[in-house]
Amino acid sequence: MRKIHLEIVLSQLAPHPKPKLKWEAYTLDAGSAAEIAYIAGRINDDICKKSVIDLGCGTGVLSISASLLGARFVVGVDIDKDAVVAAKENAETTGAKVEFVIGDLSCVAGHFNTALMNPPFGSWRRGADVKFLRKALEISDVVYSLHKHSDLNREFLSRKVQSFGGRVDKIYEMRITIPRMFDFHRREKFFVDADFYRILKVKS
């Protein structure tokens, strides 16, 4: 599937019916999601025929992308039941094969080739993104993770990744579009500069 075709499919997915601010449940736009999937799947060959887990899967945009790009096995995990219900419906609509699980990070175990995730940025819950990185490196060989862009954040996350037994391999700069989702949003959409990390587990 070409990137433009994937973007079209993702643009037709149902949004989160009841987003919760406490979990920073921001919807990832179709263009950014398609770009993320292609970086992981086509540029770095970390999706096709691989086992993939999407931590904090939301409505399933990255899980579904992984399945459509040929992943052998995909699991999507989210603490938000409403999000998982929407994700299952979205997967059925697209024909994607994804096993969705309702639960927090503590319920995740096993081994996956690749973790693909858009974790909370930590704006409302300090350190939330770090918890996702720790779990992803615990269970995966390669981690792809989206974070807020800043030089200080890059330095901080690089240190954390190293302390969790990984190393930052590449950082791709992106500008993601976030639609109006909460009452305090005054614009229909706004743009956020982000860094998309490729992180490798350091083999001992």
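Residues numbered from 1 in each chain as written. Predicted model: local features only at pLDDT ≥ 70, side-chain atom pairs only at ≥ 80, totals over all residues. Heavy atoms only, no water.

What about unusual backbone geometry?
Part 1: Backbone geometry at Asp-45 places phi at a positive 55 degrees, although glycine is not the residue there.
Part 2: Notably, Lys-49 is not glycine yet its phi reads approximately 65 degrees, a positive angle.
Part 3: Tracing the sequence through the fold places Lys-49 in the loop between α2 (30–43) and β1 (51–55). (Helix = DSSP H or I, 4+ residues; strand = E, 2+ residues; numbered from the N terminus.)

Observations concerning the pairing of strand β5 (residues 140–148)
Part 1: Of all 9 residues that make up β5, 7 are buried, and the element is covered over most of its length.
Part 2: Bridging between strand β4 (residues 112–117) and β5 involves 5 bridges; their strand directions are parallel. Pairing of Ala-115 across the sheet is with Val-143, part of β5.
Part 3: Bridge count for β5 against strand β7 (residues 189–201) is 7 bridges, and the pairing is antiparallel. Residue Val-143 lies in a different strand from β7, and its bridge partner there is Ile-199. (Buried < 20%, exposed > 50% of the residue type's maximum accessible area, 1.4 Å probe, protein only. Pairing = 2+ DSSP bridges.)

Some words on the packing of aromatic side chains
Part 1: Under the definition given, this model contains 2 aromatic pairs.
Part 2: Measuring from ring centre to ring centre gives 5.6 Å for Tyr-144 and Phe-196, while their planes differ by 25 degrees; the resulting arrangement is stacked. With Tyr-144 in strand β5 and Phe-196 in strand β7, the pair connects residues that are 52 residues apart, well separated along the chain. No difference in accessibility class separates Tyr-144 from Phe-196, as the two residues are buried.
Part 3: Pairing Tyr-172 with Phe-196 gives two aromatic rings, centres 6.4 Å apart and planes at 40 degrees, and the pair type is tilted. Taken together, the positions of Tyr-172 in strand β6 (residues 166–179) and Phe-196 in strand β7 put the pair 24 residues apart, joining distant regions of the chain. In this pair, the class of Tyr-172 matches that of Phe-196, namely buried.
Part 4: These aromatic residues form a ring-pair network of at least three members: Tyr-144, Tyr-172 and Phe-196.
Part 5: Sitting above the plane of the Tyr-38 ring, Arg-42 keeps its charged end 5.3 Å from the centroid. (Phe/Tyr/Trp six-rings, centres within 6.5 Å; stacked < 30°, edge-to-face > 60°. Lys NZ or Arg CZ within 6 Å of the ring centre and 35° of its normal.)

Side note on the side chain of His-16
Part 1: Among the secondary structure elements, His-16 is positioned in the loop between α1 (3–11) and α2.
Part 2: Polar side-chain contacts of His-16 include one of 2.8 Å to the side chain of Asp-80. (Polar contact = N/O pair within 3.5 Å; in protein donor to acceptor, adjacent residues only side chain to side chain.)

Notes on the nonpolar core
Part 1: Grouped together as the largest cluster of nonpolar side chains are 41 residues, with contacts concentrated most on Leu-10, Leu-28, Ile-36, Leu-116, Leu-146 and Phe-196.
Part 2: Counting only elements with at least two residues in this core, the list comes to α1, α2, α3 (61–68), α4 (81–94), β5, β6 and β7.
Part 3: For this core, the element with the most residues is α2, which contributes 8 residues.
Part 4: Formed by 20 residues, the second largest nonpolar core is a distinct cluster that contains Val-75, Ala-115, Ala-136 and Val-143. (Core = buried A, V, L, I, M, F, W, Y, C linked by side-chain atoms within 4.5 Å.)

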